[in-house]
Every structure is written in structure tokens, then in C-alpha cells.
Amino acid sequence: MIRFLKQLFTIDKKPTRGLMWFEWVSLAYALLTLLVILFTYTKVVNPDAMIWGRMRLVVMTGALWLVYRLAPCRFTVLARVVGQMLSLTWWYPDTYEINRMFPNLDHLFAQFEQNLFGCQPALLFSQVMPNKFFSEMMDMGYTSYYPLIIGVLMFYFICRYTEFERAAFIILATFFLSYVIFIFLPVTGPQYYYGAAGLENIANGVFPNVHDYFSHHLDRLPTPGWTDGFFYQRVVEAHDAGERPTAAFPSSHISVTTVVVLLAWHTRCRWLFWLFVPFFVLMFAATVYIRAHYLIDAIAGLATGILFYFLFTCLWNIKKRSKSH
């Protein structure tokens, strides 16, 4: 412990001068979405607040960079990563403020789900498996999302520090690229669409176009499961705190968790990988069980998670090679 604390505050001999790659990703996303806001200024509900929010996050990034420059050590590097990770709690609901301008596409995705599986798995899953224990297992899997992210990042920070920035870059880049998709592909998911379309319609295989309904409505169906369960309450609290009718396809819960599991495999620490795998399986099932996602969202999340991991790993390796030359 003493050795770790000493390493934590030891000044780096060769500190990074500029921004780190995960910070550039955040700023690139801020710039892209700022341009979208400016071009659609009269259609956005709260454009000024959104612009100032971006300015504050840019200032935060600059301030954390300055703190690092004044005291370049592992602790201030960690602070830079934590700052960007915490900003996701603001960026996520912000996707709704932009994509609410575009026509909702849930009717197309629900219809595709029906054609592919012959039913609506998100509607039936919790009805077929109402058991309290099963419900809690699903909710535990869903609430493991952030602990898994924190767990893999801290493992890299403590045990594989030379690859800590790489891990942070891959995770944050996956988040932000997912957010870009969410903005231009406005799908809310079953918990919102089923209520707006009517459960009777959904059960009969009828999927009406709700047009701009979610531009003015935030109501969603109650989360299915054992309402007295500990993890059920945690899911409800998380949804009440920051959920919006946005970000359904592909499931970022699945794509990010897939990246986390692949990062765990990359450590070559097999106990970490096998510790994460059961939670990944539960996460995959839970997104459909609690009606946060269509099954096709979860499948697409798995595919994009694998794609993003290898894409951003490739970009990182190119950057590393160019830097060595």
C-alpha cells in the first residue's frame, strides 16, 4: 500500500504535454454536436443551455489538464479519466435533446423484431419468467454496468498502468460513437414505445408510428420484475435519475460491457475475465427483461462492441507506432 501511494503521487519524468486521446474524443464529440445545435438552433428546445453545458465541459477538460501539468503524476491522470467518465452522466440525456427533433423510428424496429422472432421478446420475457430470484438476477446484471467499467479501469490503473490510457480511450470512444448513433437514429426502446403505442397493439403485432410523441412526453412503462427486490430498486433509481426516451439501438450497455470484457481478456488475467463473463451474460438478458431494449438492440450492441473494440485498438496502435517514429 505504501508503495502504491508513493507511485500515485510520484512526479512523471516524461509527462504528456497535450491532451490525452480520450479527451480529444470528448472534445470532438462536443464540437460535432455543437455544430448540429447551431444548424438546428430554432428547432432545439434549450439551445443556449446545451451550448453553455458544452463550454463548461471544455473548461473542465482544460482545468484537469492544467492540474496535471502542475503536478504530473498518476493521481492527476486518474482525475482526468474520472472527469471524462463523470461527464457521461450529462452527455447521455443530452442525446435526447438533439434526437427529439427527428422522427421516431421505434415502429420500424419493433416490426423488424416481430418479423425476426415472431413475437416481442421484451414484452414476453418478464411474463414467462416472473420468479423473484430470476428477477433479482436480471436486475443485478443490469446494475453491474458501472461497477464493471470501474473495475476494469481500476485494474488497469493499479496493475497495468502503462495501458491505462489505452483502456480509457477505448471505453470513452465507444461511449461517444454510440452517442453519435443515438442522435441520428432516434429509437427509444420498449419501455417507452410500448406505452405510447399501446400494449394491446403491441400484443396483437400492430406497431403504429408515434411520430414526434417523445419530443413532448417522457412517460415510460413501469419496470417489470419483483418490485421489493434490492436490485430492482437500484434499477428504478437509476432510471428515475437520468433515463430519457433515447439511446436504444444499439444497446450501449451491451456494447460497452462487451468492450470491458475484451479489455479484461487483454490483461491476460483470466480470473478477471471469467469474473466478468457471468455479469455480461446477465447484462445481455437483463436489457430485454426490463424492457430497456429490443432483442435486436442487444444483438447489435454485441456486434458494435466487438467492432468498436478492434477499431479503437487499431487506431491506438497506429497512434503508438507513429509516436515511436
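Predicted model only: the values in this text are computed from it and were never measured. (Residues numbered from 1 in each chain as written. Predicted model: local features only at pLDDT ≥ 70, side-chain atom pairs only at ≥ 80, totals over all residues. Heavy atoms only, no water.)

### Things to note about unusual backbone geometry
Working step 1: Note that the residue after Phe249, namely Pro250, is joined by a cis bond; omega there is -10 degrees.
Working step 2: Along the chain, Pro250 falls in the loop between α12 (230-242) and α13 (252-266).
Working step 3: The backbone of Ala247 sits at a positive phi, close to 65 degrees, despite the residue not being glycine.
Working step 4: Structurally, Ala247 can be placed in the loop between α12 and α13.
Working step 5: Positive phi, normally seen in glycine, also occurs at Arg268, with a value near 65 degrees.
Working step 6: Mapping Arg268 onto the fold places it in the loop between α13 and α14 (270-289). (Helix = DSSP H or I, 4+ residues; strand = E, 2+ residues; numbered from the N terminus.)

### What about the environment of Val25?
Working step 1: On the secondary structure map, Val25 appears in helix α2 (residues 21-39).
Working step 2: Overall, the relative accessible area of 19% leaves Val25 in the buried class.
Working step 3: C-alpha of Val25 to C-alpha of Phe175: the two residues are 150 residues apart in sequence and 9.9 Å apart in space.
Working step 4: Once residues lying within four places of it in the same chain are set aside, the contact partners of Val25 are Phe169, Leu172, Ala173 and Phe176. (Buried < 20%, exposed > 50% of the residue type's maximum accessible area, 1.4 Å probe, protein only. Contact = heavy atoms within 4.5 Å.)

### Describing the packing of aromatic side chains
Working step 1: Going through the model one piece at a time under the given rule, you end up with 33 aromatic pairs.
Working step 2: Arranged with centres 5.1 Å apart and planes meeting at 85 degrees, the rings of Phe230 and Phe231 form a pair that is edge-to-face.
Working step 3: Looking at Phe230, the relative accessible area reads 53%, which means it is exposed.
Working step 4: Following the ring pairs from residue to residue traces out a cluster consisting of Tyr29, Trp90, Trp91, Tyr92, Tyr145, Tyr146, Phe175, Phe176, Tyr179 and Phe182.
Working step 5: Above the ring of Tyr161, the side-chain terminus of Arg74 is found at 4.1 Å from the ring centroid.
Working step 6: Over the face of the ring belonging to Phe230 we find Arg234, whose NZ or CZ atom lies 4.6 Å from the ring centre. (Phe/Tyr/Trp six-rings, centres within 6.5 Å; stacked < 30°, edge-to-face > 60°. Lys NZ or Arg CZ within 6 Å of the ring centre and 35° of its normal.)

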